[in-house]
Amino acid sequence: MRRLPVRSLAVLAAVGTLALSGCGTETSGAADGAPAAGGADRTIRAHQVMQLTEVHEETGMTLLEGPTFGRNGDLLVVDVTAPPGDPKVLRVDVRKKTSRAAHTDDRGNYTSAQTSPYDGRLYLTDYSHGEVVSLAQDGSDLRTFFSDEVDGARMNPDDIAFDRKGNLYVSDSRSQSPGDAQGRVVRIDRDGAKAGVVADGLASPNGISFDEDYRGLWVSELTQNRISYLRLDQEGTMTSRHTAIRVDAGIAQTDSIAVDADGNLYQALHGRAAMAVYSRTGEHLATVEVPARAEGLESATNVAITPGGTKAYMTVSGPAGGYLYTFDALADGIRQSNGG
């Protein structure tokens, strides 16, 4: 998720929400034909599937996030800035190119979505209220899963990564001031009863994903345009941490992140309707771009790759509205490339 423009923040604050961040500072869209992040020459051209949302009059924008395939094969997408009464979770039939409301409420500002391997429910991060909530797969039965402070500090939860047992690892953005590295990675037990800090001192952590074999976490730090790697032991304790990839994205910033079956990383970019693709060893493999004629699209926030297939669906937003684009990923989709 990205930080919202001042006008939208003022409107959201007026209806009782906090400033949404973990989603990047406000930037204008990059010029068409901008160099690929990291300098790689290969471009993967994404194609429009459909428009899902228009700019909301109440908030002055729309912002799609967290695409994830539900258990019935539909794609679930959240609209971060949807006002009360408008769909906050949308259900998309990518084959028929249709969408419908799956959930709305009068409070949440949801920045990610992912299905738990433990109980099969859909989990959402509510950035503004510092909570993680869950829903039944049909969008009903809203429950607050976790809302407490962690080590004496309230969370600003952005994205989620589940381990194999269903424990949650959450990127806690905390602050987006330059040089103010207060962000954390928080681990919450699958029953919500216990939470603790896995790593701190991070620069506005946003995207979070396990690597392909669950040995560690990739974490994108938005205000530093870097991807860090956190090695974990079998108990989920961090054993080492280092800067793994520095993303040369110009005016854009590192947003959500996904990993395919070959361990490739798909780094979404706020401030540019594109994703940078890296190997697990840091080689920049390609850049996914929307067509130059697609005006009014400023950010590509996240991606879901079809489980067991290579068809990828990317959420893209801007003044033109919220859209779903598709492209062919470099390898098959796994849990780590299905929401977050």
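Look up a bit, the structure's there.
Residues numbered from 1 in each chain as written. Predicted model: local features only at pLDDT ≥ 70, side-chain atom pairs only at ≥ 80, totals over all residues. Heavy atoms only, no water.

Some details on the sheet that holds strand β13 (residues 183-188)
- If you walk across this open sheet you meet the 4 strands as β11-β12-β13-β14, and the pairing is antiparallel. Whereas interior strands pair on both sides, the edge strands pair on one side only; in this sheet they are β11 (157-162) and β14 (195-202). Each strand of the sheet is rotated relative to its neighbour by a mean of 20°, with strand direction disregarded. (Pairing = 2+ DSSP bridges. Helix = DSSP H or I, 4+ residues; strand = E, 2+ residues; numbered from the N terminus. Axes fitted to C-alpha atoms, helices over the stretch in contact; angles between N-to-C directions.)

What to know about the nonpolar core
- Of all hydrophobic cores here, the largest spans 23 residues; its most connected members are Tyr 266, Met 314, Tyr 325 and Phe 327.
- Counting only elements with at least two residues in this core, the list comes to β20 (265-270), β21 (274-278), β22 (284-289), β23 (299-305), β24 (311-318) and β25 (321-328).
- When near neighbours in sequence (up to four residues on either side) are disregarded, Tyr 325 contacts Ala 46, His 47, Gln 48, Val 49, Val 290, Pro 291, Ala 294, Leu 297, Ala 312, Tyr 313, Met 314 and Val 316. (Core = buried A, V, L, I, M, F, W, Y, C linked by side-chain atoms within 4.5 Å. Buried < 20%, exposed > 50% of the residue type's maximum accessible area, 1.4 Å probe, protein only. Contact = heavy atoms within 4.5 Å.)

A word on the pattern of salt bridges
- Using the criterion set out here, one finds 11 salt bridges in the structure.
- The partner of Asp 172 in a salt bridge is Arg 184, and the shortest N-O contact between them spans 2.8 Å. Pair noted here: Asp 172 is in strand β12 (residues 168-172) and Arg 184 is in strand β13, with a separation of 12 residues, a long-range link.
- Here Arg 184 falls in the buried class, since its relative accessible area comes to 5%.
- Among the salt bridges present, the one from Arg 272 reaches Glu 289, with a minimum N-O distance of 2.2 Å. (Salt bridge = Lys/Arg side-chain N within 4 Å of Asp/Glu carboxyl O.)

Digging into the sheet that holds strand β9 (residues 131-135)
- The sheet built from 4 strands is open, its strands ordered β7-β8-β9-β10 with antiparallel pairing. The sheet terminates laterally at β7 (110-115) and β10 (143-146), the two strands that pair on one side only. Looking at each pair of strands side by side, their axes are set apart by 30° on average, direction ignored.
- The pairing of β7 with strand β8 (residues 122-126) spans 5 bridges and is antiparallel.

A few points about unusual backbone geometry
- Of note in this structure, Asp 141 is not a glycine but carries a positive phi near 60°.
- Inspection of the secondary structure assignment puts Asp 141 in the loop between β9 and β10.
- The class for Asp 141 is partly exposed, based on a relative accessible area of 38%.
- Of note in this structure, Asp 151 is not a glycine but carries a positive phi near 50°.
- With relative accessibility at 62%, the residue Asp 151 sits in the exposed group.

Side note on the packing of aromatic side chains
- One pass over the structure, following the stated rule, counts 8 aromatic pairs.
- Plain terms: the ring middles of Phe 69 and Tyr 313 are 5.9 Å apart, the flat faces sit at 75° to each other, and that makes the pair edge-to-face. A residue pair is termed long-range when its members are at least 10 positions apart, and Phe 69 in strand β3 (residues 64-69) and Tyr 313 in strand β24 qualify at 244 residues. In terms of burial, Phe 69 and Tyr 313 fall into one category: buried.
- Ring centres of Tyr 123 and Phe 145 lie 5.1 Å apart, and the angle between their planes is 85°; on these two criteria the pair is classed as edge-to-face. One end of the pair, Tyr 123, is in strand β8; the other, Phe 145, is in strand β10, with 22 residues separating them in the sequence.
- Judged by relative accessible area, which is 15%, Phe 145 ranks as buried. (Phe/Tyr/Trp six-rings, centres within 6.5 Å; stacked < 30°, edge-to-face > 60°.)

With respect to the pairing of β20
- Most of β20 sits inside the fold, with 6 of its 6 residues counted as buried.
- Both β20 and β21 contribute to a ladder of 4 bridges, which runs antiparallel. Paired with Leu 265 across the two strands is Tyr 278, which belongs to β21.
- Hairpin connection of β20 to β21: 3 residues between the antiparallel strands, including Gly 271 at a positive phi of 100°.

Some remarks on the pairing of β8
- With 5 of its 5 residues buried, β8 lies for the most part within the structure.
- Neither face of β8 is exposed, since Leu 122, Leu 124 and Asp 126 on one face and Tyr 123 and Thr 125 on the opposite face are all buried.
- Hairpin connection of β7 to β8: 6 residues between the antiparallel strands, including Gly 120 at a positive phi of 75°.
- Bridge count between β8 and β9: 5 bridges; the pairing is antiparallel. In the strand pairing of β9, Asp 126 is matched with Glu 131.

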